[in-house]
Every structure is written in structure tokens, then in C-alpha cells.
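Here is what each chain is made of, one letter per residue.
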Amino acid sequence: MKIFNLKKITVVLLLVVTIFLTYSFKSKFFEVAKQIEIYNTLFKELNMYYVDEINPAEFTNKAIKNTLKDLDPYTNFYNEQDVETARIRRAGEYGGIGVSVYYTKKGIQISKVYKGFSADKAGLKAGDIIISVDNQSIQNMERDQLSMFLKGTPNSKFTLEFERQGSILKKEITRDKVIINPVPFAEMIDEETGYITLTRFNDKASSEVKKAYRKLKKQGMTKLVFDLRYNPGGSLLESIRISNFFLPKGKKIVSTKAKIKKWSNTYNTKNEPLDLEIPIVVLVNGRSASASEIVSGSLQDYDRAVIMGQRSFGKGLVQRYRELTYGTQLKLTISKYYTPSGRCIQELDYENRDPKTGLVPKFSDKGINEFKTANGRTVYDGGGVLPDVKIETSIRTEETKKLITSRAIFNFATEFYYNNPHISTVDSYNFSNTNFKNFKNYLKTDTAFVTKQEALFKNAYLSSKNQGISKEYQQIKEKLYDDKIDKISENEDILKEIIKAEILERYYYKEGVYKHNLKNDKVISEAVKLLKNESKYNKILSGK
């Protein structure tokens, strides 16, 4: 009798749970359908009766962007043009003129010119502002419109007008097939140490790394510096293939955990490695993210390489593209990834964003957890890959972060280039203390670098009805300037290197920056020194 009652109770409980889940699912589905219908009716009413014309595409685009902004910064909506741009980025080739650009109200400003492509052959320079294409003015156009003008079918010709240092110039340009090599530089540092830099994980990443590795191997490489600094990531599968170059077949590289079971996967190496013996130092910094952290994290967990530099960015989230209607797409975060030891290195906890302030807490605020590498070394989660050998730099102030994300350094380098027709050779160029002092003075006149305090104070002054305080305003303005200069001066070591690289690129292209760093970069020098000290290198990886 007791057994029968127990069975009966179990059946009843299962029935209750099933009913609850079914109701919960239907309730959630109804709520989604309800909200979509509300938006549809609202949009129809606005479109029909609002006094001014409404641009449906722009209106909906803004609505979607606002819907997604409180999730994480990697979940984004892509219109048709955005989809094409993303495809080009992944593929690594497109029809264009070989430049990177800023979109401004004045037109398209060139930020970088790539060596050997049509823009370079036509003599375009960083800082030039394109103001018309085929006699059509492009001033005051939206970003989506501007992005279409320079790209097109290879070998097609067009004429552009551009502004350079106050003069208007005109050029006819033929579009090239532009190929973005994710390994822009691979050379021998000395007779035995090779250097490979990987700047992105596009669809060509693994093949280009393999090509570079084999080239250096033929030149006598027995040690490798693999530079992932400033690499923002990209393809998950490419990161697994590159990890596989130095790890045995069948090793777990990364696992993902998602809401949907089919998207929770474990990814193992599938091929025979290139080299299981060569000593490797992997360089990372605060701009090494995502796929860069998968490679550095897996090589660290298997004690296959020494990680050197600064803590990496801390992006442990995986995105996938989902096709929507009319050629649009949604890129959304579907899972978190975990290194072979079990670490999730995601730093920011977007799920628990403060609804009032918008601030996002860090997972490390709750404490960090220990994990073990294959040799028993202790590694940690809670935000990025911590290097085995940390290279100390000054801690970036908020003002320095603001400066770096502004265009002030770019603008300074443009002015420097036109004021200095020649600089010293690639190997010997140095951005001196006097140069840095000139840069700080330049910031008095440049309007790109404005701190939050300066902006608030200026707005308060402009909105003030009492305009008889211009003298006091000027005094406070100068004080705020002095304060921000003091703050960025705390990071002189970091800023000198960033400004130097921007200037070197104007004269010697990106290739020149890499050549200079090969001889002068502190982190590369420390990596070479460690690789030459075999006992110290092995001791770090042994954990003893």
C-alpha cells in the first residue's frame, strides 16, 4: 500500500511539474508576443499621425540598439551594410583602396594607409579628409552612407577630393583587392629566436601563422616569441587550430557552457601539431581578448608556453551570428568559455549590472578561484589571463584612458609629420622627453581630448545667464587642464610608446613599427632574455 501511494505521489508531482513548465513556457511566449504587438501598434500610430516624417529604418535601428544596450557590449544588431562589413572582417579581403578610416561630419578621414595598395600608390596620407567622391559631396552624411563610398569591385576607378592641411587635392584611384594579413610581421630577432605577431583571428589566421612559423624555422629558429598584444580576438575555431600547432592531437582547448544544450561544447585539437618542443613566450596585454585568451590560456594550462606581459582583457563570452529577416543579423552572446583547467576568465558580470548607475561589477569582486595547470601550477579565474611573468607598467589613470580613446594622439602625430619632413631611422628613433613636453603643450589647443569634468564645466558656463565671469571661467579651465596633464603624466611610460608608434607609422608604415619594436621593445627584450635562460624558463613551467 505504501509503495502504491509513493508511486501515485511521484506521478502527481511529475504531472504538476509538467503543467507548471508548460504554463511557464506559454506565459513567457505570450509575454514576448504581447510586447512585439505593442511595439508594432505604437510604430504604426507614430508613422500615421506624427506631425513630422519618420525614417522607419533609422527609427527601428535606434529602438533595437536601445533594447540591446543593457545586455553586454558584444550583443549587437547588424543592418545589411553592417553584415557585409562583418563578413569582410572575418574573410580578411575586400575591394577597396587599402585604408582604415574615421567617419566625420566633414567626410571620411584616413587614419591608416596600408603599404602597397592603391591609396598608398596615389599618395594619400593619414590625416587626409575625403570630402567628395566622383564629384558628389559626402559632408554631413551618416556613417552607413559613408562606409559605402570607398569599397567596391576591384579594378573599378573613381575620383576623390580630399583636404590636406588646408589645401584641396584631387586624385583618381583604382580599387584593389585588399587582403588583410593577420600576421603582418614575422622575422628573426637573432640567430635562434623568431618573432611572430598575430593581430586578429580572421579566417586566414591559422594558415598565416603556419606559413610564418615554417619560414622562420627554415631560417634557423629554435625559440619563438609569439605576440598577441592588442589582438582583440575573432574566430573561435582559428584559435583552436593555432593552439593545436603547439599541443598534441586530442587535447581539450576550450569548453563552452550555454543556455541551449547543443551550444555547450568541448573543443579538442584534431590535427598533428607543428612543434611540441620549441620553447615559446606568448606576449599579452590588456588589449589581448577573446580568441587571444583561448590560445594563451590553453598554452598556459598545459605548461606549453610562458605567458608574459600584463593581464589580458578578460572576455570569456562567445558570440554567434543569427540571421534575421531582410538580410539583417543579430550577433548575440550564447555561452561562456572555459580554459582546459576550468577557468572562466570573463571579468565583467553583465547580468548583475546596477540598474540605477549602469555600473557593471567584476566577478573578482566576489573572490577568485584557484585552478591547476598540467604541472600543478596555480592559475586563477576572475578576469583575464594573468601572465607567468608580469612586466610592470604604470597604472593607467582615467584621464589616460580617455586620452587614448580620443583622437588627440592621432591629431598630434599628423601635425608632427607635416612639421618634421624627416626623422631618424626605424631602429634609432626615440620619442624624447622634449617631444612629450611638446605633446602636453599641444593638448592645450586640441579639442579631441576632453575630460568629463571639463565638459560638465563648459556646459555649465555656457548655460549660465551670468556671462560676466569669463576671467574666473578661464582660470578654472586652466586648472582643469593642469589637473588632466598631471594625471596623464603619471603614465608617461605608456603614452610615449603609443605616440612613438603612431609617429613611426606615418614615416615607415606599420612594418616600421614592428621593426623598431624588435630592437627597442622592453617586453620583447625580456622575452628573448628568458628564452636564452633555459633553466629559468623550465623552472617557471615546472611550478617548482
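Small disclaimer: the values here were computed from a predicted structure and weren't measured.

Caption draft 1: Representation of the overall build of the protein chain. Along the protein chain, the regular secondary structure elements total 16 helices and 21 strands. A principal-axis box enclosing the C-alpha atoms of the protein chain has dimensions of 100 × 75 × 55 Å. Evaluated residue by residue, the protein chain yields a buried proportion of 42% over its 544 residues. Intrachain contacts of the protein chain at a sequence separation of at least 6 include 69% that bridge at least 24 residues. Summed over all atoms, the accessible surface of the protein chain reaches about 30800 Å², with 54% contributed by carbon and sulfur. Here the protein chain contributes 89 positive and 66 negative side-chain charges, whose respective centroids are spaced 5 Å apart.

Caption draft 2: Inspection of the layout of surface pockets at higher detail. Its volume calculated, the second largest pocket comes out at about 1600 Å³. Looking at the lining of the second largest pocket, the elements with two or more residues in it are helix 2 (56-68), helix 3 (80-91), helix 5 (143-146), strand 13 (252-258) and strand 18 (329-338). For the lining of the second largest pocket, the per-class residue count stands at 20 nonpolar, 12 polar and 15 charged.

Caption draft 3: The arrangement of the pairing of strand 17 (residues 317-323) in detail. Note that strand 17 and strand 18 share 7 bridges and pair antiparallel. Bridge assignment links Arg 322 to a residue of strand 18, and that residue is Leu 330. Where strand 17 folds back onto strand 18 in an antiparallel hairpin, the turn is made up of 5 residues, including Tyr 326, whose phi is positive at roughly 55°.

Caption draft 4: Spotlight on the packing of helix 10 (residues 408-419) against helix 14 (residues 492-520). Two elements in contact, helix 10 and helix 14, have axes separated by 9 Å at closest approach and are oriented at 50°. In terms of axis orientation, helix 10 runs oblique to helix 14. Both helix 10 and helix 14 take part in a crossing whose hand is right-handed. Along the contact surface, helix 10 presents Ile 409, Phe 410, Phe 412, Ala 413, Thr 414, Phe 416 and Tyr 417, while helix 14 presents Leu 495, Ile 498, Ile 499, Glu 502, Ile 503, Arg 506 and Tyr 507. For the contact of helix 10 with helix 14, the class distribution of residues is 11 nonpolar, 1 polar and 2 charged.

Caption draft 5: Just the sheet that holds strand 15 (residues 280-284), in detail. With mixed pairing, the 6 strands of this open sheet are ordered in space as 10-11-12-15-16-21. Each edge of the sheet is formed by a strand with only one pairing partner; in this case those strands are strand 10 (185-188) and strand 21 (389-390). Sheet topology places strand 12 (residues 223-227) next to strand 15; 4 bridges connect them, and they run parallel. Within strand 15, the residue paired with Asp 227 across the bridge is Leu 283.

Caption draft 6: Structural detail: the nonpolar core. Ile 196, Leu 198, Phe 226, Ile 242 and Val 282 are the most contacted members of the largest nonpolar core, which has 38 residues in total. Counting residues per element, the ones that place at least two in this core are strand 10, helix 6 (205-218), strand 12, helix 7 (236-244), strand 13, strand 15 and helix 8 (291-301). With 5 residues, helix 6 is the single largest residue contributor to this core. Residue contacts for Ile 242: discarding those within four places in its chain leaves Leu 198, Phe 201, Ala 205, Ser 206, Val 209, Phe 226 and Val 295.

Caption draft 7: Main features of unusual backbone geometry. Phi at Asn 155 takes a positive value of approximately 80°, unusual for a residue other than glycine. Tracing the backbone through its elements, the reader meets Asn 155 in the loop between helix 5 and strand 7 (157-164). Phi angles above zero are rare outside glycine, and Ser 290 is one such case at about 55°. Residue position: Ser 290 is located in the loop between strand 15 and helix 8.

Caption draft 8: A look at the pairing of strand 5 (residues 129-133). Of all 5 residues in strand 5, 5 are buried; the element is thus mostly enclosed. Taken together, the 4 bridges between strand 5 and strand 7 define a ladder with antiparallel strand orientation. Looking across to strand 7, one finds that Ile 130 is bridged to Phe 162.

Caption draft 9: Fine view of the packing of aromatic side chains. Summed over all chains, the structure comprises 15 aromatic pairs. Here the aromatic residues Phe 412, Phe 416, Phe 431, Phe 436, Phe 439 and Tyr 442 are joined through ring pairs into a cluster of three or more. The aromatic ring of Tyr 338 is capped on one face by Lys 257, whose charged end is 4.6 Å from the ring centroid. Above the face of the Tyr 102 ring, Arg 407 is positioned so that its terminal group lies 4.0 Å from the ring centre.

Caption draft 10: Molecular detail of the pattern of salt bridges. What the rule picks out here adds up to 28 salt bridges. One salt bridge in this structure joins Lys 532 and Asp 190, with 3.1 Å as the shortest N-O distance. Linking Lys 532 in helix 15 (residues 522-532) with Asp 190 in the loop between strand 10 and strand 11 (193-197), this pair joins segments that are 342 residues apart in sequence. The class for Lys 532 is partly exposed, based on a relative accessible area of 46%. Residue class for Asp 190 comes out partly exposed when judged on its relative accessible area of 24%. In the salt-bridge network here, residues are joined through shared partners; they are Asp 190, Glu 192, Lys 223 and Lys 532.

Caption draft 11: Examining helix 15 more closely. Every buried residue of helix 15 is accounted for by Val 523, Ile 524, Ala 527, Val 528, Leu 530 and Leu 531. Down the axis of helix 15, the sector holding all buried residues measures 160°, keeping them to one side. Opposite its buried face, helix 15 presents the exposed residues Lys 522 and Lys 529, each directed more than 90 degrees away. Where helix 15 begins, one side-chain oxygen reaches toward the backbone nitrogen of Val 523, 2.9 Å away; that side chain belongs to Asp 521.

Caption draft 12: Molecular detail of the packing of helix 10 against helix 11 (residues 433-442). Here helix 10 crosses helix 11 at 115°, and the two axes come no closer than 11 Å. Of the possible angle classes, the one that applies to helix 10 and helix 11 is roughly perpendicular. Classified by chirality, the crossing of helix 11 by helix 10 is right-handed. Contacts between helix 10 and helix 11 involve Ala 408, Ile 409, Asn 411, Phe 412, Glu 415 and Phe 416 from the former and Asn 435, Asn 438, Phe 439 and Tyr 442 from the latter. Taken together, the residues of the contact of helix 10 with helix 11 sort by class into 6 nonpolar, 3 polar and 1 charged.

Calculation rules
Counting restarts for each chain, with residues numbered from 1 along the sequence as it is written. With pLDDT at 70 or above as the cut-off, local features in this predicted model cover only qualifying residues; side-chain atom pairs require 80 or more to be listed or tallied, and sums for whole chains, interfaces and linings still use all residues. Calculated side-chain values reflect all of the structure's heavy atoms, with hydrogen atoms and water omitted. In this description a helix means any DSSP run of H or I spanning at least four residues, a strand means any run of E spanning at least two, and both kinds are numbered starting from the N terminus. For the exposure calls, accessible area comes from a 1.4 Å probe over protein chains only, and a residue counts as buried if that area is under 20% of its type's maximum, exposed if over 50%, partly exposed in between. Residues are treated as being in contact if the distance between any of their heavy atoms lies within 4.5 Å. What sets the accessible areas is the Shrake-Rupley method with a 1.4 Å probe; for residues, cover comes only from the shown protein chains. Counting rule applied: Lys, Arg positive; Asp, Glu negative; His and chain ends not counted. The atoms used to mark charge sites are NZ of Lys, CZ of Arg, CG of Asp and CD of Glu. Only protein atoms enter the 1 Å grid used here, on which a cavity is any set of points holding a 1.4 Å probe that cannot leave and a pocket is any open set flanked by protein within 12 Å on both sides along at least five of seven lines; residues with an atom within 4 Å of a point are listed as lining. Grid points are joined across faces, edges and corners, and a volume is the space filled by probe spheres set on the points. Gly is placed with the polar residues, together with every amino acid not listed as nonpolar (Ala, Val, Leu, Ile, Met, Phe, Trp, Tyr, Cys and Pro) or charged (Asp, Glu, Lys and Arg). When DSSP finds two or more bridges between a pair of strands, those strands are recorded as paired. Fitted lines through C-alpha atoms give the axes, limited to the stretch in contact for helices. The angle between two N-to-C directions lies from 0 to 180 degrees. In this scheme, roughly parallel covers angles under 35 degrees and roughly antiparallel covers those over 145, while 65 to 115 is roughly perpendicular and the rest are oblique. What makes a crossing left-handed is the near helix being turned counterclockwise from the far one by less than a right angle; a clockwise turn instead makes it right-handed. Residues belong to one nonpolar core when they are buried, are Ala, Val, Leu, Ile, Met, Phe, Trp, Tyr or Cys, and are joined through side-chain atoms within 4.5 Å. Planes of paired rings set the category: under 30 degrees apart is stacked, over 60 is edge-to-face and the rest tilted, where pairs are Phe, Tyr or Trp rings (Trp by its six-membered ring) whose centres lie within 6.5 Å. Charge-over-ring contacts are defined here by two conditions on Lys NZ or Arg CZ: a distance within 6 Å of the ring centre and an angle within 35 degrees of the ring normal. Salt bridges are defined as contacts in which a side-chain nitrogen from Lys or Arg sits within 4 Å of a carboxyl oxygen from Asp or Glu. The reported arc concerns the directions from the helix axis to the C-beta atoms and nothing else. Between N or O atoms, a polar contact is any pair within 3.5 Å; within protein, one atom must be a potential hydrogen donor and the other a potential acceptor, and residues adjacent in sequence are included only when both atoms are from side chains.

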